Amino acid sequence: MIILTEQAGNAVKAAMSRAGKTEGGLRVMVEAGGCAGYKYLIGLDPAPRDDDAVVEAAGVRVFVDPDSQPLLSGMTIDFVESLEGSGFTFDNPNAENKCGCGKSFG
């Protein structure tokens, strides 16, 4: 369903370690908004919710709520570091268009 690159998995594991969280995983979801219609929301979550899909990717558990699943199916999440900064990037085959910042899609 969702693919995390090795770099993204390492970034999530490092964030979990810094936060002192040995359990849980990465919650990925979409919300209406952003300049293209939907925006990505990600964060650490201590446990999946009852109706979440739970995917193991790059050694990390990824939690996706049922409303977000069809919009995120097949997406690849990467983590890049450059002179301009670092952060997660999203390659979503379901996005018909995306904004210049890469954090929202339609």
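As recorded in an unreviewed UniProt entry, the chain goes by HesB/IscA family protein and comes from Rhodopseudomonas telluris.

Trainee: For the overall build of the chain, give the residues involved together with the corresponding values.
Mentor: On a plain count of helices and strands, the chain comes out with two helices and eight strands. If you list the helices and strands of the chain from N to C, you get β-α-β-β-β-β-α-β-β-β. Accessible surface, the chain as shown: approximately 6000 Å² in total, 50% of it carbon and sulfur.

Trainee: I'd like a rundown of the nonpolar core, residues and numbers included.
Mentor: In this structure, Ile2, Leu4 and Ile77 are the most contacted members of the largest nonpolar core, which totals 21 residues. Those elements that provide at least two residues to this core are strand 1 (2–4), helix 1 (6–18), strand 2 (25–33), strand 4 (53–57), strand 5 (60–64), strand 6 (75–82) and strand 7 (85–91). When residues of this core are assigned to their parent elements, the largest contribution, four residues, is made by helix 1. Dropping the residues within four chain positions of it, Ile2 is found in contact with Val28, Val55, Ala57, Val62, Val64, Leu72, Met75 and Ile77.

Trainee: Can you break down the sheet that holds strand 7 residue by residue, with the values?
Mentor: With respect to topology, three strands assemble into an open sheet ordered 1-6-7, the strand pairing being mixed. Among the strands making up the open sheet, the edge pair consists of strand 1 and strand 7. On average, each strand axis in the sheet is inclined to that of its neighbour by 20°, with strand direction left out of account. Taken together, the seven bridges between strand 6 and strand 7 define a ladder with antiparallel strand orientation. By the bridge assignment, Phe79 is partnered in strand 7 with Phe88. Helix 1 contacts strand 1, strand 6 and strand 7 of the sheet and is inclined by roughly 75° relative to strand 6.

About the cut-offs
Residues numbered from 1 in each chain as written. Predicted model: local features only at pLDDT ≥ 70, side-chain atom pairs only at ≥ 80, totals over all residues. Heavy atoms only, no water. Helix = DSSP H or I, 4+ residues; strand = E, 2+ residues; numbered from the N terminus. Areas by Shrake-Rupley, 256 points an atom, 1.4 Å probe, with all protein chains shown as cover. Core = buried A, V, L, I, M, F, W, Y, C linked by side-chain atoms within 4.5 Å. Buried < 20%, exposed > 50% of the residue type's maximum accessible area, 1.4 Å probe, protein only. Contact = heavy atoms within 4.5 Å. Pairing = 2+ DSSP bridges. Axes fitted to C-alpha atoms, helices over the stretch in contact; angles between N-to-C directions.

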